[in-house]
Amino acid sequence: MTQHQLIGAEVSLYTGKLRCYLKYKNIPFEEVIASKEVFRDVILPRTGVSYIPIMITEDDVALQDTTEIIDFFEQRYPEHSIYPAGACQKLIALLLETYGDEWLVIPAMHYRWSFEENREFAMAEFGRTSAPNASAEEQQAIGQANSKPFAGALPRLGVTAENIPAIEKSYLAMLSDLDAHFQQHPFLLGNKPCIGDFGLIGPLYAHLYRDPYSGRLMEERAPHVAAWVKRMIDPEPQTGEFLPDDQVPETLLPILARMFAEQGPVLQETLSQVANWATSHDDKSLPRAIGEIAFAIEGVEATRLTFPYMQWMWQRCVDAYQQLNAAEQSQTAEFLNNVPGAVSLLSTPIEHRVVRKNNKLALA
Ligand SMILES: N[C@@H](CCC(=O)N[C@@H](CS)C(=O)NCC(=O)O)C(=O)O
């Protein structure tokens, strides 16, 4: 093999995250569509799991999980790093990656599967991905079948008839906050993208920009966010700098405040459920979901499954915070003191860590 292969789909959230990264870094790659045959012959045998995207590197290493793939490539191609050197910037970048990857999936999935226009589009796209050579009719039927588990995931993520208005209210408020930010800055932390930009582009591209109904909504409500999406998917490779002196724009404060108000309590409860799980299970392996969590968006309560993977993402943030020296920690805390709940959650020790082993999650 001579080139890295990205195996994924245009319709997939996390494939979009990785594709934007590879383009910004100017890492040459070939994109292979994750058809049914590719799932059977490559994805499952090489990774042991059925997630996309996966990466087969030019020297034939198979990798899954966008965060791990990005970190693998950051080692191999350290120039134009997407991790800021500044302590505060780096932490904010990691927080926003966790928010995009693990929380904005809620509005992304809601808008894709609750609106007829988006649903029809996504089903056809699922069919096109699975069977690229089938007729449009066949693709629609295949898409309908293949998309069932995804459309059916809404209740597990905590999307219900009762909280849909709150999810939409929160998403539109977040979009307007982000619009105000991108009116002033091309990317989150200056004029080059950081890991946080790649976390956010996952939900904000494939679902919330590319699906037709959500795309119109974004163009109308938040044209600067739509312009950022276009910069992310068609970047000027390897250009730009982060803001000087470890500055973090205040326009990110409302976004972080929303993250800690909504996702913060879920993160906290996930840590505690993982710790409880560890005391009552000898086996180190972790299922995908280990329980249920009550949470609130815009004051409306709902329940979702507890995903220990969220803790794995959070550990990266906590590690970044707890490894800071005293001066960096106090400077970072000064900024984060404007975000209710942030410093206390970041200072909470992780009782039982989780690790990724062979693309599955396990207790440490
Ligand atoms: N954290 C993983 C998430 C990957 C993921 O959930 N991908 C979706 C498609 S965008 C998927 O394959 N879902 C299949 C499933 O949930 O079973 C990553 O960053 O790669």
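Computed from a prediction, not measured in an experiment: that's the story for all the values here. What you see as residue numbers is a count from 1 along each chain, following the sequence as written. In view of the model being predicted, local features appear only for residues whose pLDDT reaches at least 70, and side-chain atom pairs are presented and counted only at 80 or more, with totals across whole chains, interfaces and linings using the full set of residues. Side-chain numbers come from the whole structure's heavy atoms, not from hydrogens or water.

### Describing the overall build of the protein chain
Step number 1: Runs of H or I in DSSP of at least four residues are treated as helices and runs of E of at least two as strands, each being numbered from the N terminus. The helix and strand inventory of the protein chain stands at 17 helices and eight strands.
Step number 2: When we talk radius of gyration, it's over C-alpha atoms, and the globule rule is simply 2.2 Å times the number of residues to the 0.38. In terms of C-alpha radius of gyration, the protein chain reaches 20 Å, essentially the compact-globule figure of 21 Å for 364 residues.
Step number 3: Its C-alpha atoms give the protein chain principal-axis dimensions of roughly 60 × 50 × 45 Å.
Step number 4: When a residue's accessible area, from a 1.4 Å probe over protein chains only, is under 20% of the maximum for its type it is buried; when over 50% it is exposed; and in between it is partly exposed. In the protein chain, buried positions account for 56% of the 364 residues.
Step number 5: Contacts are assigned to residue pairs with any non-hydrogen atoms lying within 4.5 Å of each other. Look at the contacts in the protein chain between residues 6 or more apart in sequence, and 72% of them connect residues 24 or more apart.
Step number 6: Two residue types count as positive, namely Lys and Arg, and two as negative, namely Asp and Glu; His and chain ends fall outside the count. To locate a charge, take NZ of a lysine, CZ of an arginine, CG of an aspartate or CD of a glutamate. With 30 positive and 47 negative side-chain charges, the protein chain shows a separation of 4 Å between the mean positions of the two kinds.

### Remarks on the packing of helix α10 (residues 164–184) against helix α13 (residues 223–233)
Step number 1: Axis lines are fitted through C-alpha atoms, for helices just across the contact stretch, and the angle between N-to-C directions can take any value from 0 to 180 degrees. Two numbers describe how α10 lies on α13: the axes approach to 7 Å, and their chain directions differ by 65°. Classified by the angle their axes make, α10 and α13 are roughly perpendicular. Considering how the two elements wind past one another, α10 and α13 form a crossing that is left-handed. For the pair α10 and α13, the contacting residues are Leu175, Leu178, Asp179, Phe182 and Gln183 in the first and Pro223, His224, Val225, Trp228 and Arg231 in the second.
Step number 2: The residue inventory of the contact of α10 with α13, partitioned by class, reads six nonpolar, two polar and two charged. Here roughly perpendicular refers to angles of 65 to 115 degrees, roughly parallel to angles under 35, roughly antiparallel to angles over 145, and oblique to all remaining angles. In this scheme, a crossing is called left-handed if the near helix is turned counterclockwise away from the far one by less than a right angle; it is called right-handed if the turn is clockwise. Amino acids outside the nonpolar list (Ala, Val, Leu, Ile, Met, Phe, Trp, Tyr, Cys, Pro) and the charged list (Asp, Glu, Lys, Arg) are all regarded as polar, and Gly is one of them.

### Concerning unusual backbone geometry
Step number 1: Of note, the bond from Ile52 into Pro53 is cis; its omega dihedral lies within 30 degrees of zero at 0°.
Step number 2: Locating Pro53 in the fold gives a position in the loop between α2 (36–47) and β3 (54–56).
Step number 3: Even without a glycine there, the phi angle at Glu298 is positive, about 50°.
Step number 4: Position of Glu298 among the secondary structure elements: in the loop between β5 (292–297) and β6 (300–305).
Step number 5: For Asn358, which is not glycine, the phi torsion reads 50° and is therefore positive.
Step number 6: Mapped onto the elements of the fold, Asn358 is located in the loop between β7 (354–357) and β8 (360–363).
Step number 7: Owing to a relative accessible area of 71%, Asn358 belongs among the exposed residues under this scheme.

### Describing the domain arrangement of the protein chain
Step number 1: Looking at the protein chain, the domain boundaries give domain 1 (4–76), domain 2 (90–246) and domain 3 (259–363).
Step number 2: Here the limits of each domain have been adopted from an automatic or database domain assignment. Relative to domain 3, the C-alpha centre of domain 1 lies at a distance of 26 Å.
Step number 3: Buried area is understood as the total, over both parts, of accessible area removed when two parts are fitted together, assessed with a 1.4 Å probe. Each partner contributes to the roughly 740 Å² buried at the junction of domain 1 and domain 3, and carbon and sulfur atoms together form 39% of this total.
Step number 4: The largest per-residue losses of area from domain 1 upon contact with domain 3 belong to Tyr51, Thr67 and Glu68, which jointly make up 47% of the total buried on that side.
Step number 5: Put simply, a salt bridge is a Lys or Arg side-chain nitrogen that is within 4 Å of an Asp or Glu carboxyl oxygen. Summed over the shared surface of domain 1 and domain 3, the result is three salt bridges.
Step number 6: With a shortest N-O distance of 3.1 Å, Glu68 and Arg356 are connected by a salt bridge.

### Looking at the side chain of Asp65
Step number 1: Inspection of the secondary structure assignment puts Asp65 in the loop between β4 (62–64) and α3 (66–76).
Step number 2: Classification of Asp65 as buried rests on a relative accessible area of 6%.
Step number 3: Under the rule applied, a polar contact is a pair of N or O atoms within 3.5 Å (in protein, one hydrogen donor and one hydrogen acceptor; residues adjacent in sequence only if both atoms are side-chain atoms). For Asp65, the side chain forms a polar contact with the side chain of Tyr309, separated by 2.5 Å.
Step number 4: Discounting residues that sit within four places of it in the chain, Asp65 has contacts with Pro53, Tyr309, Trp312 and Arg356.

### With respect to the site of the ligand
Step number 1: Residue proximity to a molecule or strand is established when one non-hydrogen atom of the residue lies within 4 Å of it. Around the ligand, the structure places Ser12, Leu13, Tyr14, Ser50, Tyr51, Ile52, Gln64, Asp65, Thr66, Phe150, Arg288 and Tyr309.
Step number 2: Measuring from an oxygen atom of the ligand, one finds a side-chain N or O atom of Gln64 at 3.0 Å.
Step number 3: Arg288 places a side-chain nitrogen or oxygen 2.7 Å from an oxygen atom of the ligand.
Step number 4: Computed with a 1.4 Å probe, the accessible areas rest on the Shrake-Rupley method; for each residue, only the protein chains presented here act as cover. In isolation the ligand offers 510 Å² of accessible surface; the protein chains occlude 81% of this area.
Step number 5: Considering only residue class, the shell around the ligand consists of six nonpolar, four polar and two charged.

### Thoughts on the sheet that holds β3
Step number 1: With mixed pairing, the four strands of this open sheet are ordered in space as β2-β1-β3-β4. Single-partner strands in this sheet number two, and they are β2 (29–33) and β4. Sheet twist, expressed as the mean angle between neighbouring strand axes with direction ignored, is 25°.
Step number 2: DSSP-based pairing: two strands are paired if at least 2 bridges between them are found. With five bridges joining them, strand β1 (residues 4–8) and β2 adopt parallel strand pairing. Bridge pairing links Gln5 to Glu30 in β2.

### Examining the packing of helix α12 (residues 212–221) against α13
Step number 1: Direction vectors running N to C along α12 and α13 enclose 120°, while the axes themselves pass 5 Å from each other. The angle between α12 and α13 places the two elements in the oblique class. Within the contact between the two elements, α12 uses Met218, Glu219, Glu220 and Arg221 and α13 uses Pro223, Val225, Ala226, Val229 and Lys230.
Step number 2: In terms of residue class, the contact of α12 with α13 is made up of five nonpolar, no polar and four charged.

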